[in-house]
Every structure is written in structure tokens, then in C-alpha cells.
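Observations on the model geometry
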Amino acid sequence: MDIRIGITNSPREISFETSQTAAEVEKVVGDALDGGKSFVTLADSKGKTYVVPTASLAYVEIGSEESRKVGFVS
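Source: prediction; values computed, not measured.

A few words on the packing of aromatic side chains. A full pass over the atoms with the stated rule returns one aromatic pair. Seen in terms of ring centroids, phenylalanine 16 and tyrosine 50 are 4.3 Å apart; in terms of plane orientation they differ by 10 degrees. Their pairing is stacked. Of the two residues, phenylalanine 16 is situated in strand E2 (residues 13-17) and tyrosine 50 in strand E4 (residues 49-53); the sequence distance between them amounts to 34 residues.

Here you go:
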């Protein structure tokens, strides 16, 4: 699952792959925003942890669960 997180006042975004499902990521982000938490924590498939302040979240893009195709399509 590809995740992209936009940060306010920053031209770059955080982009990583996670083994979590789309529903799990949506629940983590939604719970952090609804619960008034000051940060959201997500982990990628390589074991890194990302801690992002909820006040700085511009958007969270959750990719599809389809695997990418490699090569040319004719």
C-alpha cells in the first residue's frame, strides 16, 4: 500500500509503502484527528516509523492495493 502525506508550508511530501491495509491507515489517521491527538504515527514496510504532527497534515493519500506492473504495455 502506497501512502503519501502532504505537509502544510512544505513543498515536499512524505511517501512510503506500508503493509497496513487502507482501512487500517484510514482508522489511524481518523482516530488521531478526531481524538485531538497532537501527532499521527505510521510505519512503513521496512520498519521505519513516521510521526507527523496533526496540525501540519495537509492531506493523506492512500494508494490502491494493486501491485504495480513493470515493463511496457503494447
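After that view, the rundown keeps rolling.
A word on unusual backbone geometry. Despite not being glycine, asparagine 9 has its phi angle at roughly 60 degrees, a positive value. Within the element layout of this structure, asparagine 9 appears in the loop between strand E1 (2-7) and E2. Assessed through its relative accessible area of 85%, asparagine 9 is described here as exposed.

The rules we used
Residues numbered from 1 in each chain as written. Predicted model: local features only at pLDDT ≥ 70, side-chain atom pairs only at ≥ 80, totals over all residues. Heavy atoms only, no water. Phe/Tyr/Trp six-rings, centres within 6.5 Å; stacked < 30°, edge-to-face > 60°. Helix = DSSP H or I, 4+ residues; strand = E, 2+ residues; numbered from the N terminus. Buried < 20%, exposed > 50% of the residue type's maximum accessible area, 1.4 Å probe, protein only.

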